[in-house]
Amino acid sequence: MNIDNIKTPAYVIDEKKLRENLEILDRVQKESGARILLAQKAYSVYQTYPLIAKYLSGATASGLYEARLAYEEMRTPDQDGNRKIENHVYEPAFGDEEMVEICDICDHLVFNSLAQLEHHRPVWEKKVKEGKLSVGLRINPEYSTQEEHEIYDPCSEGSRLGISNANMPDKLPEGVEGIHFHTLCEQGFEPLKETFKHVEKEFARFFPDPESSDNSGKIKWINLGGGHHITREDYNVEGLIKFVKDIKEKYGIEVYLEPGEAIALDAGYLITTIMDVVKTPRMPVLILDTSAACHMPDVLEMPYRPPLRGGEEPGELPFTYRLSSRTCLAGDVIGDYSFDHELNIGDRLVFEDMAIYSMVKNNTFNGMPLPDIDILHENGDVEVIKRFSYSDFKERL
Ligand SMILES: Cc1ncc(COP(=O)(O)O)c(C=O)c1O
């Protein structure tokens, strides 16, 4: 990729890397029988949905808008002889005005509470009876397997996400066919295995006995949420395949996984230009045409240090700089990095792993322009698929 010809700032989606991730996920599906969905909250570049739809079983949404995006862009109608793509949705609370459309465009609907389930029953129950919708409940296993990112831990004390075991009934309410849990964040296979073991024991009353003739009130599917870094080099893919196969064999249920990050992990870059170099007593500060606050909010929120091509820990290489932004926020700092050469105005830098939780979280604070969205095709061509303008800023206000 020749970055000199790219208008910055720009996110560049690496099509080859995306396909390679999808091939790994497809192998998991084929060898284990799992159904894997794209969690659109992490990555919603819908222009690449046709590619994703070739491999995955569908998409999951955090609400009506994402559900609609998948319905419009990741749909492969049965009558064309294509594989049917599933559309799932879960949200802590659905609005009354949204429910009819949600039930029309989704195949799976997951509620966060029994109150929400019952409140919307008059709308969803009709679709369930017509065989057009499957309804589930999100449980909270109250089992944390990470301490690193507390804001991403749905099992932290006082969490509103999912129904605790004490608040679940003895059998699934009428019309409910599945349970969903999401507890992981950028984790390997072991925490999933451990969490499932806990769920299997604590929520045993909902798991069917394939030998029994009466499995009413038991689950037909389980959704194991996201947070699985399946496409990371060190992920135990073989372990996951065996694990899913075992669950399917033992209980005769469908198993869903809905990772977001794993789909587009390391499959995108953010390319930026140095606009100024400001001398400070501490170190020189680069003013970039991108911003942590606007274009990579997880850097401040999570927080984390994004990988940068050619950039090492401060002091490791001869030239250390603080990478910052042209917004007014003093803390709009991406991090301190060192380089093997001096940097100058006009030079370009490439942040790695920028396809996930970036574009979906963008904002125009300070009237900052939104970066272009480009695709680096497998033949090396770079296509600009989105260029934003003043109206994208104005129209939101
Ligand atoms: C319910 C649910 N499913 C899936 C995901 C996707 O997680 P990840 O992108 O970490 O794989 C999330 C992330 O917050 C989530 O809340």
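Criteria and thresholds
Residues numbered from 1 in each chain as written. Predicted model: local features only at pLDDT ≥ 70, side-chain atom pairs only at ≥ 80, totals over all residues. Heavy atoms only, no water. Core = buried A, V, L, I, M, F, W, Y, C linked by side-chain atoms within 4.5 Å. Buried < 20%, exposed > 50% of the residue type's maximum accessible area, 1.4 Å probe, protein only. Helix = DSSP H or I, 4+ residues; strand = E, 2+ residues; numbered from the N terminus. Domains from an automatic or database assignment. Contact = heavy atoms within 4.5 Å. Near = heavy atom within 4 Å. Polar contact = N/O pair within 3.5 Å; in protein donor to acceptor, adjacent residues only side chain to side chain. Areas by Shrake-Rupley, 256 points an atom, 1.4 Å probe, with all protein chains shown as cover. 1 Å grid on protein atoms, 1.4 Å probe; cavity = no way out; pocket = protein on both sides within 12 Å on 5 of 7 lines; lining within 4 Å. Sits in = over half its atoms within 2 Å of the grid points. Nonpolar A, V, L, I, M, F, W, Y, C, P; charged D, E, K, R; others polar. Salt bridge = Lys/Arg side-chain N within 4 Å of Asp/Glu carboxyl O. Buried area = accessible area lost by both parts, 1.4 Å probe. Patch = residues over 30% accessible without salt bridge, like charges linked within 9 Å, V, L, I, M, F, W, Y side chains within 5 Å. Points joined across faces, edges and corners; volume = space filled by probe spheres on them. Pairing = 2+ DSSP bridges. Axes fitted to C-alpha atoms, helices over the stretch in contact; angles between N-to-C directions. Parallel < 35°, antiparallel > 145°, perpendicular 65-115°, else oblique. Left-handed = near helix turned anticlockwise from the far one by under 90°.

Draft legend 1. Region of the structure containing the nonpolar core. Grouped together as the largest cluster of nonpolar side chains are 98 residues, with contacts concentrated most on Tyr 43, Leu 109, Ile 222, Leu 240, Leu 323 and Phe 351. For this core, the element with the most residues is helix H8 (residues 237-251), which contributes 7 residues. In this structure, this core is formed jointly by two domains, domain 1 (3-11 + 268-354 + 362-394) and domain 2 (33-264), each of which donates at least three residues. If we skip the residues at most four places from it in the chain, Leu 240 touches Val 28, Phe 189, Leu 192, Ile 230, Tyr 235 and Leu 257. Grouped together as the second largest cluster of nonpolar side chains are 8 residues, Ile 3, Ile 6, Ala 10 and Val 350 included.

Draft legend 2. Quick look at the site of the ligand. Of all residues adjacent to the ligand, which total 13 residues, the nearest are Lys 41, Gly 227, Glu 258, Gly 260 and Tyr 357. Contact between the ligand and Glu 258: a nitrogen atom at 2.6 Å from a side-chain N or O atom of the residue. Within the backbone of Gly 260, a nitrogen or oxygen atom sits 2.8 Å from an oxygen atom of the ligand. Here the ligand has 390 Å² of accessible area as a free molecule, and 87% of this is covered by the chains. Judged by the proximity of its atoms to the pocket grid, the ligand belongs to the largest pocket. When its residues are assigned to classes, the shell around the ligand shows 4 nonpolar, 5 polar and 4 charged.

Draft legend 3. Region of interest: the pattern of salt bridges. The full count for this structure, using the stated rule, is 25 salt bridges. The residue Glu 130 makes a salt bridge to Lys 132 at a minimum N-O spacing of 3.4 Å. For Glu 130, a relative accessible area of 47% translates into the label partly exposed. Connected via shared salt-bridge partners are Arg 19, Glu 23 and Glu 378.

Draft legend 4. Structural context of the domain arrangement of the protein chain. If you check the domain split of the protein chain, you get domain 1 (3-11 + 268-354 + 362-394) and domain 2 (33-264). Domain 1 puts 8 residues into the contact, and the matching count from domain 2 is 10 residues. Summed over both partners, the interface of domain 1 with domain 2 buries about 640 Å², with 59% contributed by carbon and sulfur atoms. Remark: the boundary between domain 1 and domain 2 carries 0 salt bridges. At the level of elements, helix H11 (298-301), strand S16 (372-376) and strand S17 (382-386) are the ones that each hand at least two residues to the side of domain 1 that touches domain 2. Grouping the constituent residues of the side of domain 1 that touches domain 2 by class yields 4 nonpolar, no polar and 4 charged.

Draft legend 5. Up close: a nonpolar patch on the surface. A surface patch of nonpolar side chains, amounting to about 240 Å² of accessible area, comprises Leu 300, Leu 329 and Phe 365. Since its relative accessible area comes to 39%, Phe 365 is described here as partly exposed.

Draft legend 6. Inspection of the layout of surface pockets at higher detail. The volume enclosed by the largest pocket comes to roughly 820 Å³. For the lining of the largest pocket, the secondary structure elements donating two or more residues are strand S3 (58-61), helix H9 (261-264) and H11. Of the residues that constitute the lining of the largest pocket, the class distribution is 15 nonpolar, 11 polar and 10 charged. The residue makeup of the lining of the largest pocket includes at least three contributed by each of domain 1 (3-11 + 268-354 + 362-394) and domain 2 (33-264). Along the wall of the second largest pocket there are 21 residues; nearest its centre are Ser 44, Tyr 46, Leu 69, Met 359 and Lys 386.

Draft legend 7. Highlighting the side chain of Ser 32. For Ser 32, the location among the structural elements is in helix H1 (residues 15-32). A polar side-chain atom of Ser 32 sits 2.5 Å from the main-chain carbonyl oxygen of Val 28. One polar contact links the side chain of Ser 32 to the main-chain amide nitrogen of Ala 34, over a distance of 3.0 Å. In this structure Ser 32 touches Ile 241, Val 244, Lys 245 and Lys 248, once residues within four positions along its chain are discounted.

Draft legend 8. Structural view of the pairing of strand S14 (residues 333-339). Within S14, 6 of the 7 residues are buried, which leaves the element mostly enclosed by the surrounding structure. Across 6 bridges, the pairing between strand S13 (residues 319-325) and S14 is antiparallel. Note on S14: the bridge partner recorded for Tyr 321 is Tyr 337.

Draft legend 9. Fine view of the packing of helix H3 (residues 64-73) against helix H4 (residues 96-105). Where H3 meets H4, the axes come as close as 10 Å, and the angle between the chain directions of the two elements is 30°. Between H3 and H4, the crossing angle belongs to the class labelled roughly parallel. When the axes of H3 and H4 are compared, the crossing they make is left-handed. On H4, the residues that touch Leu 64, Ala 67, Arg 68 and Tyr 71 of H3 are Glu 98, Glu 101, Ile 102 and Ile 105.

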